[in-house]
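# Fold and geometry: a report
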Amino acid sequence: MHVLRRTTVATTVMLAAISLGACSSSGSASDSAKGGAPKDKAPIDRADWPAEVPTSGLVKGLELPLESYLPSYADQVTVDTALRTLQTQCMSEYGLTVDLPRPGVNPPPQSNAVSVERRYGLSDRAQAQKYGYGLPKELTRSLEPVENGLSGIEVEVLTGHKKPESAPPEGGKGATGRFGGVPEPARAEHNGKKLHEGGCAGWSKQRLKVNDEDAGFVTMLASTSLSESRPLKPVEKALKSWSACMKGKGRKAADPYRAMEQGYADGDGTTKNAIELALDDIDCKEQTRLIEVWFKEESTVQKRLIEENKDPLAAVKKRMGEVLAAAKAVK
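Described below are features of the structure shown in this document. Remember, predicted model here, so these are calculated numbers, not experimental data.

A word on the nonpolar core. If you look at the biggest cluster of nonpolar residues, it comprises 43 residues, and the most contacted ones within it are Leu66, Tyr120, Tyr133 and Trp294. For this core, the secondary-structure elements that each account for two or more residues are α8 (212–229), α9 (233–248), α10 (256–263), α11 (272–288), α12 (290–308) and α13 (310–328). Broken down by element, this core gets its largest block of residues, seven residues, from α11. Membership of the second largest hydrophobic core comes to 24 residues, among which are Val98, Ile153, Cys200 and Ala327.

So, in structure tokens, the structure goes:
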């Protein structure tokens, strides 16, 4: 996940927040280049890590059934730490010394890709009072690409593709070319050594037998459960009650996602108007028990999906345990 366009904020935060593999759990390599502490020396404060189960707000204590098939943030840090170690070792074989981000230094706002904290819109009044629909900046550093602070050749050796340009020049290729589209393949070798397929990052995943399709499969099911639960009668009734409550406060929104889009309409979601809207949004959720109802209905859908996909999900959980064990063995 990267910087969001206002028109897609609601979709990205609630639906496509289900894309853990696209986010680094540790921040970007550019932090060191900007004058911060080197990532291998930066202190890790586990108190800043997201709780496995929310401890505040309207989703306090809530955990959807499919979350057990995704790694917790603590486990993801363990895996990412092993990957970083392997990647650094791999890069050194090409004569490159890099300071890759240290996993766990810049934690994300949620423990896993299901993101129950914002799955049904805002859920924490204390946070809304401070940030409206936005997030504190320290919780968005983990979303920056690792390659930001690396040189062109370092990106090639690490990823197996060339470093993309930040924006096309006038008359450039645009989104279909190297500026935002499919990146160009890296050179075949560096310092007389052939590059790994997928670079050192791809090689490190192979060493741990990380299967990116596993997370994709689970998050696809989670996306399905959210979509299928939305039109269920109890949810529809609660949404109508929430919308009526908002109308009583002078607001017009069919659902919390539309409210979030309104919150981002005139800025980054943290303006005075956005904060006031966010507080009305959460107060109406509490009054109508919207999150409680939606969570219950989606949990039922997820349990059905788990039963229907029992064997592949069991395989996912088995591989998840094997990857974690392999990560712990890396020195």
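Right, picking up where we left off after that structure.
The next thing to look at is empty space enclosed by the protein. Empty space among the atoms becomes apparent when a probe as large as a water molecule is rolled across them. A complete count under the given rule lists one cavity of 30 Å³ or more for this structure. Ala51, Glu52, Pro54, Glu67, Gln110, Ser111, Asn112, Ser115, Val116 and Glu117 together form the lining of the largest cavity. Tallied by class, the residues present in the lining of the largest cavity amount to three nonpolar, four polar and three charged.

Relative to the assigned elements, Asp75 resides in helix α3 (residues 73–92). Through-space distance from the C-alpha of Asp75 to that of Gly321 is 9.7 Å; in sequence the pair is 246 residues apart.

To continue, consider α11. Because the α-helix completes a turn every 3.6 residues, residues three or four places apart line up on one side. Along its 17 residues, α11 runs 25 Å from first to last C-alpha, staying within 8% of the 24 Å computed at 1.5 Å per residue. The complete set of buried residues in α11 reads Ala274, Ile275, Leu277, Ala278, Leu279, Asp280, Asp281, Ile282, Cys284, Lys285 and Thr288. Those residues of α11 that are buried are in contact with α5 (125–131), α9, α10 and α12. In the segment just after α11, Arg289 is the residue with positive phi, at about 60 degrees.

Calculation rules
- Within any chain, residue numbers begin from 1 and follow the written order of that chain's sequence.
- Totals for whole chains, interfaces and linings use every residue, but because this is a predicted model, local features are given only for residues with pLDDT of at least 70 and side-chain atom pairs only at 80 or more, for both listing and counting.
- The side-chain numbers reported here are obtained from all heavy atoms of the structure, hydrogens and water having been left aside.
- Take the buried Ala, Val, Leu, Ile, Met, Phe, Trp, Tyr and Cys residues and link them wherever side-chain atoms come within 4.5 Å; each set so joined is a nonpolar core.
- The buried label applies to any residue whose accessible area, calculated with a 1.4 Å probe on protein chains only, is under 20% of its type's maximum; exposed applies above 50%, and partly exposed to all values in between.
- Comment: elements are numbered from the N terminus, with helices defined as DSSP H or I runs of at least four residues and strands as E runs of at least two.
- Lining residues are defined by having an atom within 4 Å of a point belonging to a cavity or pocket. Those points lie on a 1 Å grid over the protein atoms alone, cavities being sets where a 1.4 Å probe fits but cannot get out and pockets being open sets with protein on both sides within 12 Å along at least five of seven lines.
- Grid points are joined across faces, edges and corners, and a volume is the space filled by probe spheres set on the points.
- Polar here means any residue outside two lists: the nonpolar Ala, Val, Leu, Ile, Met, Phe, Trp, Tyr, Cys and Pro, and the charged Asp, Glu, Lys and Arg; Gly therefore counts as polar.
- Multiplying one less than the number of residues by 1.5 Å gives the expected span of a helix.
- Contact definition: two residues touch when any of their heavy atoms are within 4.5 Å.

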